[in-house]
Amino acid sequence: GRILQAADTYDRLSTPLSGKRRSNVEVLHLMRTQYANRLDPSVLQALHSLCPPYPPGSQVKLSDGRTAVVVQVEKDIYQPIVRVMSEDGQSLEDGSVSLKTLGLSVTHVNGLSVDPYLPADQAGVLV
């Protein structure tokens, strides 16, 4: 029942009545802040791993201004492995890199600024 409650909340928040789909980072923020007292903490934590804030395939802007595509989610879900886009934005550079290794962070996902939606320990932090 606790898992179903979290799944239902995630589904409802993903597509509100306005019909405009929210990004995962927005939905996870709402669940962590406004709905946390209604959800089992361990289920909510597991949901972050199953529905990461930056799913593979997401286009992200990095703290150094470059654009990249998420290719894999790491244990630290806010520091994914990415492939950086070329200068012309038409192709991906060779090889995947971990943001943690580069000391970079995600500033935007699919054009949305992520700073207001990050957990306190991730907001504005460069590792």
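Not measured: the values here are computed from a predicted model.

Scoring rules and cut-offs
Residues numbered from 1 in each chain as written. Predicted model: local features only at pLDDT ≥ 70, side-chain atom pairs only at ≥ 80, totals over all residues. Heavy atoms only, no water. Helix = DSSP H or I, 4+ residues; strand = E, 2+ residues; numbered from the N terminus. Buried < 20%, exposed > 50% of the residue type's maximum accessible area, 1.4 Å probe, protein only. Contact = heavy atoms within 4.5 Å. Core = buried A, V, L, I, M, F, W, Y, C linked by side-chain atoms within 4.5 Å. Pairing = 2+ DSSP bridges.

Peer 1: Please clarify how unusual backbone geometry should be interpreted in this entry.
Peer 2: The phi torsion of most residues other than glycine is negative, and most of the peptide bonds are trans. Here Asn110, not a glycine, exhibits a phi torsion of approximately 45°, which is positive. Mapped onto the elements, Asn110 comes out in the loop between strand E5 (106-109) and strand E6 (112-113).

Peer 1: Looking at this structure, how should I read the side chain of Asn24?
Peer 2: Looking at the secondary structure, you find Asn24 in helix H2 (residues 24-33). For Asn24, a relative accessible area of 10% gives the class buried. The contact partners of Asn24, leaving out residues within four places of it in the chain, are Tyr10, Cys51, Pro52, Pro53 and Pro55.

Peer 1: Whenever I open this one, the nonpolar core confuses me. Can you help?
Peer 2: Nonpolar side chains in soluble globular proteins generally cluster together in the buried interior. The biggest cluster of nonpolar side chains holds 16 residues, and the ones touching the most others in it are Val25, Tyr54, Val60, Leu62 and Val114. Counting residues per element, the ones that place at least two in this core are strand E1 (59-62), strand E2 (67-72), strand E3 (81-84) and E5. When residues no more than four places from it in sequence are discounted, the contact partners of Val114 are Val25, Tyr54, Val106, Thr107, His108 and Val109. Membership of the second largest hydrophobic core comes to 12 residues, among which are Ala6, Tyr10, Tyr35 and Cys51.

Peer 1: How do you make sense of the pairing of E1 when you look at a structure like this?
Peer 2: Within a regular beta strand, the side chains point alternately toward one face of the sheet and then the other, so they alternate between its two faces. Here E1 shows a clear split, with Val60 and Leu62 buried on one side and none of Gln59 and Lys61 buried on the other. Across three bridges, E1 lies against E2 in antiparallel orientation. Paired with Lys61 across the bridge in E2 is Thr67. A loop of four residues connects E1 with E2, the two strands running antiparallel in sequence, and Gly65 in this loop sits at a positive phi of about 95°. Bridge count for E1 against E5 is three bridges, and the pairing is antiparallel. Counterpart to Lys61 in the pairing with E5 is His108.

On their own, these measurements won't tell you what the molecule is for.
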